[in-house]
Amino acid sequence: MTILVLGGAGYIGSHTVYELIDNGEEIAVVDNLQTGHEEAIHPKARFYKGDIRDNNFLDEVFKKEKIDAVIHFAACSIVAESMNNPLKYYDNNICGTKILLESMIANGVDKIVFSSTAAVYGEPERIPIIETDRTEPANTYGETKLSMEKMFKWVEKAHNIRFVSLRYFNACGAHVSGKIGEDHSPETHLIPLILQVPNGKRKFISIFGDDYDTKDGTCIRDYIHVTDLARAHILAVKYLQNSGQSDIFNLGNGVGFTVKEVIDTARKVTGHTIPSHISPKRAGDPAKLIASSEKARQILGWKPQHDSLEEIISSAWMWHKNYPDGFKKST
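Parameters at a glance
- Residues numbered from 1 in each chain as written.
- Predicted model: local features only at pLDDT ≥ 70, side-chain atom pairs only at ≥ 80, totals over all residues.
- Heavy atoms only, no water.
- Salt bridge = Lys/Arg side-chain N within 4 Å of Asp/Glu carboxyl O.
- Helix = DSSP H or I, 4+ residues; strand = E, 2+ residues; numbered from the N terminus.
- Buried < 20%, exposed > 50% of the residue type's maximum accessible area, 1.4 Å probe, protein only.
- Pairing = 2+ DSSP bridges.
- Axes fitted to C-alpha atoms, helices over the stretch in contact; angles between N-to-C directions.
- 1 Å grid on protein atoms, 1.4 Å probe; cavity = no way out; pocket = protein on both sides within 12 Å on 5 of 7 lines; lining within 4 Å.
- Points joined across faces, edges and corners; volume = space filled by probe spheres on them.
- Contact = heavy atoms within 4.5 Å.
- Lys, Arg positive; Asp, Glu negative; His and termini not counted.
- Polar contact = N/O pair within 3.5 Å; in protein donor to acceptor, adjacent residues only side chain to side chain.
- Phe/Tyr/Trp six-rings, centres within 6.5 Å; stacked < 30°, edge-to-face > 60°.
- Lys NZ or Arg CZ within 6 Å of the ring centre and 35° of its normal.
- Disulfide = S-S within 2.5 Å.
- Expected span 1.5 Å × (residues − 1).

Draft legend 1. Region of interest: the pattern of salt bridges. Taken as a whole and assessed by the stated rule, the structure comprises 19 salt bridges. With a closest N to O distance of 2.6 Å, Asp91 and Arg53 form a salt bridge. Note that Asp91 is positioned in helix α4 (residues 86–106) and Arg53 in the loop between β3 (46–49) and α2 (55–64), a separation of 38 residues in sequence. Asp91 sits in the partly exposed class, given a relative accessible area of 34%.

So this is what it looks like as structure tokens:
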């Protein structure tokens, strides 16, 4: 049986495909390469270039492959863009998921693992965040992901499609082999932005606000290695294959680091001074976002294996140093 990975040419999707293939799974990848990279797809995966909003294309993939379960990463995910162009996010994320579910129903596929986000919570009520906390997204991106979760809930009631939704926090790091890593355009994530400084791509890193109610005044986030995220998706598929019921899980290390701590660790890893400048706060940036992953540990048996910030940044630096232009490498 084959596992279908939608968005398998993207950052987290490609790392999950590598882990799945290392586990001996048969993998088919669907990606429209809008933000993904064909070079990131594992050579042993069968690749179908196309859009999940194209129901004829999806039906052809389902008919050609004997699909047992779906892992769904295919979504637009830039917060600022989602606020400037909300209809793009409703079209791609929600309409795409609707068409995907129609294809799953038509082809008798009844298991899906969904890549969700901590953005569904908005400003947290408490730290650490647990799965039953209030969900009030502060941006269109988070709103569409929450709507997708609700779509799965109601489709299960009507069509018995079981789902696991994984709400993860700050994905970071790169594959231990150094073959694949994080390559977004534009880049919005803190660690790759910091590493652009020692790579000569920018002169300094901006710190957005230094007067938050934290130990050094900068925002605290929960950083989770991309390979640990990939392993969680594999455990979620196995959970569904073993008749597990639909559920939602947070994924994080349960430990927060400030922006200044991340920059200091990057200085240590790279040996570069990495100048920083204080800039005005950004609207909607919570002071602290830290996950409780206790539920995932208990039910899925998941535990982060790469939770050292130095290890996370070292793996990212190996990728960015060797591929300063991302997959458009010159070496």
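Further notes follow.
Draft legend 2. Seen up close, the sheet that holds strand β4 (residues 67–72). If you walk across this open sheet you meet the 7 strands as β3-β2-β1-β4-β5-β6-β11, and the pairing is parallel. Looking at the sheet topology across the chains shown, the edges are occupied by β3 and β11 (247–251). When strand polarity is set aside, the average angle formed by the axes of neighbouring strands in this sheet is 20°. In the sheet, strand β6 (residues 162–168) pairs with β11 via 5 bridges, with the strands oriented parallel. Note on β11: the bridge partner recorded for Val164 is Asp247.

Draft legend 3. View of the layout of surface pockets. Of the volumes computed, that of the second largest pocket is approximately 160 Å³. Top contributing element to the lining of the second largest pocket by residue count: helix α10 (residues 309–322), with 4 residues.

Draft legend 4. Here's a closer look at the environment of Pro304. Note that Pro304 resides in the loop between α9 (294–299) and α10. Taking the C-alpha atoms as reference points, Pro304 and Ala266, separated by 38 residues in sequence, lie 21 Å from one another. For Pro304, the residues in contact, after removing those within four places along its chain, are Ile224, Asp228, Gly252, Asn253 and Arg297.

Draft legend 5. Representation of the side chain of Ser165 in the model. As for its placement among the helices and strands, Ser165 is situated in strand β6. Once you skip the residues sitting within four places of it in the chain, Ser165 turns out to touch Phe114, Ser116, Glu149, Asp247, Ile248 and Phe249.

Draft legend 6. A look at the side chain of Glu182. Its place among the elements puts Glu182 in the loop between β7 (170–172) and α6 (190–195). Buried charged residue Glu182 carries no salt bridge. Nearest counter-charge: Arg202, at 12 Å. A distance of 2.4 Å separates polar atoms of two side chains, one belonging to Glu182 and the other to His189.

Draft legend 7. Focus on the packing of aromatic side chains. Following the criterion strictly, the structure yields 5 aromatic pairs and no others. Between the aromatic rings of Phe152 and Phe163, the centroid separation amounts to 5.8 Å while the plane-to-plane angle is 25°, which identifies the pairing as stacked. Of this pair, Phe152 sits in helix α5 (residues 140–159) while Phe163 is found in strand β6, placing the two residues 11 residues apart along the sequence. The residues Phe152 and Phe163 share a single accessibility class, namely buried. An aromatic cluster is built from Phe114, Phe152 and Phe163, whose rings are joined through pairwise contacts. The side chain of Lys281 reaches across the aromatic face of Tyr212, ending 4.3 Å from its centre. When the ring centre of Phe249 is taken as origin, the NZ or CZ atom of Lys295, which lies over that ring, is 5.3 Å away.

Draft legend 8. Main features of the state of the cysteines. In this structure the tally under the stated criterion is 0 disulfides. Cys172 forms no disulfide, and the closest cysteine sulfur to it belongs to Cys219, at a distance of 16 Å.

Draft legend 9. Highlighting helix α7 (residues 226–241). Over its 16 residues, α7 extends 23 Å from the first C-alpha to the last, a length consistent with the 22 Å expected when each residue adds 1.5 Å. Burial runs high along α7: 13 of the 16 residues are buried. Just downstream of α7 lies Ser243, where phi reads positive at about 75°.

Keep in mind that these numbers describe shape and distance, not what the molecule does.
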